[in-house]
Amino acid sequence: MNIRTRVEQVGDLPPGAAAALGIVFLLLIIGLVWALYRLPDHTKLRSPAARERAERRKASQKRQKKLRSRREALQRRASQR
C-alpha cells in the first residue's frame, strides 16, 4: 500500500476516530521531542580531571597561536628587508 491509499483510509474514518488518531500522532511527536530534549549533554565534561585537561589544552593552544603569529610576523619582516 502506498501513502495515498493510507491517507484515503484515514479520511474514511469517522470524525471521532480521526480526531483520536490525530491526538495520538501529536502525542507521539511531543513524546519524541521531549525524549530528545531530555538526553544528557554529551559536550559537557563530567570529571574534574577532564575539565582540567581541557583548560590546559585551551591555554596551550592560545600560547601556540601567539607564538605562531609572532614567528610569522618576524618572517614577514625578514622577507621585506
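These figures come from a predicted structure and were not determined experimentally.

Engineer: Now, about the overall build of the chain: what can you tell me, with residues and values included?
Structural biologist: Helices and strands together make up the secondary structure of the chain, namely three helices and zero strands. Put simply, the chain runs from its N terminus to its C terminus through helices and strands in the order α-α-α. For a compact globule of 81 residues, the expected C-alpha radius of gyration is about 12 Å, and the chain comes in at 30 Å, more than 25% above that figure. Its C-alpha atoms put the chain at 85 × 40 × 20 Å along the principal axes. Here the chain holds 81 residues, and 2% of them are scored as buried. Accessible surface computed for the chain: about 8,100 Å², of which carbon and sulfur atoms make up 61%. Separation of charge centres in the chain, based on 20 positive and 6 negative side chains, amounts to 18 Å.

Engineer: Lay out a positive patch on the surface with the relevant residues and their values.
Structural biologist: A surface patch of like charges, here positive, comprises Arg 70, Arg 76, Arg 77 and Arg 81. As for its position among the elements, Arg 77 is in helix H3 (residues 48-80). Take Arg 77: its relative accessible area is 49%, and that puts it in the partly exposed class.

Engineer: Provide a residue-level description of the environment of Lys 65, including the pertinent values.
Structural biologist: As for its position among the elements, Lys 65 is in helix H3. The spatial distance from the C-alpha of Lys 65 to the C-alpha of Ile 29 is 46 Å, given a sequence separation of 36 residues.

Engineer: Tell me about the pattern of salt bridges, and name the residues and values.
Structural biologist: Counting across every chain of the model gives one salt bridge. The salt bridge partner of Glu 52 is Arg 56, with a shortest N-O separation of 3.0 Å. A residue pair is termed a helical-turn pair when its members lie 3 or 4 positions apart in one helix, as Glu 52 and Arg 56 do in helix H3 at four residues. With relative accessibility at 46%, the residue Glu 52 sits in the partly exposed group.

Engineer: Go over a nonpolar patch on the surface, please, and point to the residues and values.
Structural biologist: Together, Ile 23, Leu 26, Leu 27 and Ile 30 make up a nonpolar patch on the protein surface, roughly 420 Å² of accessible area in all. Along the chain, Ile 23 turns up in helix H2 (residues 15-37).

Engineer: Tell me what's going on with the confidence of the model for the chain, and back it up with residues and numbers.
Structural biologist: Averaged over every residue, the pLDDT of the chain is 88; the share at 70 or more is 99%. Ranking the helices and strands of the chain by mean pLDDT puts H3 first, with 93, and helix H1 (residues 3-11) last, with 77.

Analysis parameters
Residues numbered from 1 in each chain as written. Predicted model: local features only at pLDDT ≥ 70, side-chain atom pairs only at ≥ 80, totals over all residues. Heavy atoms only, no water. Helix = DSSP H or I, 4+ residues; strand = E, 2+ residues; numbered from the N terminus. Rg over C-alpha atoms; globule rule 2.2 N^0.38 Å. Buried < 20%, exposed > 50% of the residue type's maximum accessible area, 1.4 Å probe, protein only. Areas by Shrake-Rupley, 256 points an atom, 1.4 Å probe, with all protein chains shown as cover. Lys, Arg positive; Asp, Glu negative; His and termini not counted. Charge placed at Lys NZ, Arg CZ, Asp CG, Glu CD. Patch = residues over 30% accessible without salt bridge, like charges linked within 9 Å, V, L, I, M, F, W, Y side chains within 5 Å. Salt bridge = Lys/Arg side-chain N within 4 Å of Asp/Glu carboxyl O. pLDDT = per-residue confidence, 0-100.

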